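Here is how the chains run, residue by residue.
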Amino acid sequence: MTAQTAAPLRTGTFAVISIAGLLGIAGAWAYWTTLGAITTRWSDDPQYSHGYLVPLFALYLLWLRRDRLQNCRANVLGLGLLAIGIGVRLAGAYLRVEYLDQISLLPAISGLIMLAGGWPAWSWSWPAVAFLAFMVPLPHSISVALSGPMQSFATTVSTFCLQVVGLPAIAEGNVILLNDIELGIVEACSGLRMLVTFFALSTAVAVLIRKPLWEKCLIAGSAVPIALASNVLRITLTGVSYELFGKEIGDQYFHDALGYAMPFMGMVFLFLELWILKTLLIDGPKETAPLPPAQRGDANAVSMYRTGQTSRREKKPAEPAAEPTPEPVEV
């Protein structure tokens, strides 16, 4: 009976994979130019150099959740999602907004998955599809709008940190005056590059760990303070190196090296956050069922457990004491 029920599942899964493969090839052909523009941005813009890892991690999520891919059936709701993706792409072409064209990949992929496997396939794949949003570059207007406040924050807090360590730092606009040295906090130093990378990293960690939903949201949202703290630490260490070794040596050995070290700083902050949450939040005691007598090691209880006797032996009623014989009375 087991072999008879297993065969249809294997056949159904193979059919779903075949249909999904054909639809995937058609979708890749339709979005070939869009995918080419995205990969070109990954190569040219260091802010999105992590984009090459995003599809690989999405495939890893699909592999981890492979047990959910069961009893799949085609669902016509996939046509609706596919229509939404096509509509967003047409709107992007009409308005000449490249971001709309690229982000339309997500509803289009969702529609193809729903069309091939229905709700079971959607339940299996939606975290991976949602994570693909990190491979799409942000619009230029949003990048400019975010970089300005982040530049001001980095300048102000870094100046304060340099003053705390005893250096005569003064902030003028987005420039830190350190004696005769000027540290310009340009747009590339705003920390926006690391913000996007840390959002992808913290979200990946939140998806992988087994924690309540609010802890996952907290870890994913911590990308903002982690990116800001890492950038402030980088600028502060750069200013200290300029003061100790001079601007020429600081530019040659410390400026770029500290920039490359920012992802590792962010990972240290992220693991520190996980350690704090693990230390402060203690799981409650788990209720365990009483062990059977066979696992308690009580031989007497084991024998009575097997024979159905009670744990206490029934005591026999005590026999009545013999009455003393009367002694003869002398007359």
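These numbers come from a predicted model, not from an experiment.

A. The arrangement of the sheet that holds strand E1 (residues 169-172) in detail. Spatial ordering of the open sheet is given by E1-E2-E3, a layout of three strands whose pairing is antiparallel. Because the sheet does not close on itself, it has two edges, and the strands there are E1 and strand E3 (181-184). Across the sheet, the axes of successive neighbouring strands diverge by a mean angle of 25 degrees, strand direction being ignored. Across four bridges, E1 lies against strand E2 (residues 175-178) in antiparallel orientation. Across the sheet, isoleucine 170 pairs through a bridge with leucine 177, a residue of E2. This element, helix H7 (residues 140-164), spans E1 and E2 of the sheet and lies at about 165 degrees to E1.

B. Inspection of a nonpolar patch on the surface at higher detail. Together, Trp214, Leu218, Leu272, Trp275, Ile276, Leu280 and Leu281 give the surface a local cluster of nonpolar side chains, amounting to about 720 Å² of exposed area. Elements that contribute at least two residues to the nonpolar patch include exactly helix H9 (213-221) and helix H12 (262-280). By residue number, the principal contributor to the nonpolar patch is H12, which donates four residues. By secondary structure assignment, the location of leucine 272 is in helix H12.

C. View of unusual backbone geometry. Here arginine 96, not a glycine, exhibits a phi torsion of approximately 60 degrees, which is positive. Its place among the elements puts arginine 96 in the loop between helix H4 (77-95) and helix H5 (98-103). Its relative accessible area of 78% is what places arginine 96 among the exposed residues.

D. Just the packing of aromatic side chains, in detail. Following the criterion strictly, the structure yields five aromatic pairs and no others. Centre to centre, the rings of tryptophan 42 and tyrosine 52 are 5.1 Å apart; their planes meet at 65 degrees, and the pair counts as edge-to-face. Taken together, the positions of tryptophan 42 in helix H2 (residues 32-44) and tyrosine 52 in the loop between H2 and helix H3 (53-64) put the pair 10 residues apart, joining distant regions of the chain. Put simply, the rings of Phe57, Tyr60, Phe131 and Phe134 touch in pairs and so form one group of aromatic residues. Sitting above the plane of the tryptophan 63 ring, arginine 66 keeps its charged end 4.0 Å from the centroid. Seen from the ring of tyrosine 31, arginine 89 lies directly overhead, with NZ or CZ sitting 4.1 Å from the centre.

E. Representation of the side chain of threonine 203 within the structure. Along the chain, threonine 203 falls in helix H8 (residues 192-208). Residue classification places threonine 203 among the buried positions, given a relative accessible area of 17%. Each residue touching threonine 203, except ones within four places of it in the same chain, is listed here: Phe131, Phe134 and Ala220.

F. Here's a closer look at H8. Given a rise of 1.5 Å per residue, 17 residues ought to cover 24 Å, and the 25 Å separating the end C-alpha atoms of H8 matches this to within 8%. Counting buried positions over the 17 residues of H8 gives 12, a clear majority of the element. All of the buried residues along H8 are Leu192, Met194, Leu195, Val196, Thr197, Phe198, Ala200, Ser202, Thr203, Ala204, Val205 and Ala206. On its buried face, H8 is in contact with H3, helix H6 (105-131), H7, H9, helix H10 (223-245) and H12.

G. Region of the structure containing H6. Across its 27 residues, H6 extends only 12 Å between first and last C-alpha, which sits more than 12% below the 39 Å expected from 1.5 Å per residue. Roughly 130 degrees is the biggest bend found in H6, and it falls at glycine 118, with proline proline 120 one to four residues downstream.

H. Looking closely at the pattern of salt bridges. A full pass over the atoms with the stated rule returns one salt bridge. Of the charged contacts, one joins aspartate 101 and arginine 89 as a salt bridge, the two residues approaching to 2.8 Å between their closest N and O atoms. Highlighted residues: aspartate 101 in helix H5 and arginine 89 in helix H4, separated in sequence by 12 residues. In this structure arginine 89 comes out as partly exposed when scored by relative accessible area, which is 21%.

I. Structural detail: the nonpolar core. Counting residues in hydrophobic clusters, the biggest one holds 28 residues, and the most contacted among them are Val54, Leu105, Leu106, Phe131, Leu132 and Met135. Tallying contributions element by element places H6 first for this core, with nine residues. What phenylalanine 131 contacts, discounting residues up to four positions off in sequence, is Val54, Phe57, Ala200, Thr203 and Ala204.

J. Looking closely at the confidence of the model for the protein chain. Within the protein chain, residue pLDDT values average 78, and 78% of them lie at 70 or more. Summarising per-element confidence for the protein chain, the mean pLDDT is lowest in helix H14 (residues 299-307) (49) and highest in H5 (92). Counting contacts from residues 309-314, a segment whose pLDDT is below 50, to residues more than four positions away or on other chains yields four contacts.

Rules used in this analysis
Residues numbered from 1 in each chain as written. Predicted model: local features only at pLDDT ≥ 70, side-chain atom pairs only at ≥ 80, totals over all residues. Heavy atoms only, no water. Pairing = 2+ DSSP bridges. Helix = DSSP H or I, 4+ residues; strand = E, 2+ residues; numbered from the N terminus. Axes fitted to C-alpha atoms, helices over the stretch in contact; angles between N-to-C directions. Contact = heavy atoms within 4.5 Å. Patch = residues over 30% accessible without salt bridge, like charges linked within 9 Å, V, L, I, M, F, W, Y side chains within 5 Å. Areas by Shrake-Rupley, 256 points an atom, 1.4 Å probe, with all protein chains shown as cover. Salt bridge = Lys/Arg side-chain N within 4 Å of Asp/Glu carboxyl O. Buried < 20%, exposed > 50% of the residue type's maximum accessible area, 1.4 Å probe, protein only. Phe/Tyr/Trp six-rings, centres within 6.5 Å; stacked < 30°, edge-to-face > 60°. Lys NZ or Arg CZ within 6 Å of the ring centre and 35° of its normal. Expected span 1.5 Å × (residues − 1). Bend = angle between axes of the 7 residues up to and from the residue. Core = buried A, V, L, I, M, F, W, Y, C linked by side-chain atoms within 4.5 Å. pLDDT = per-residue confidence, 0-100.

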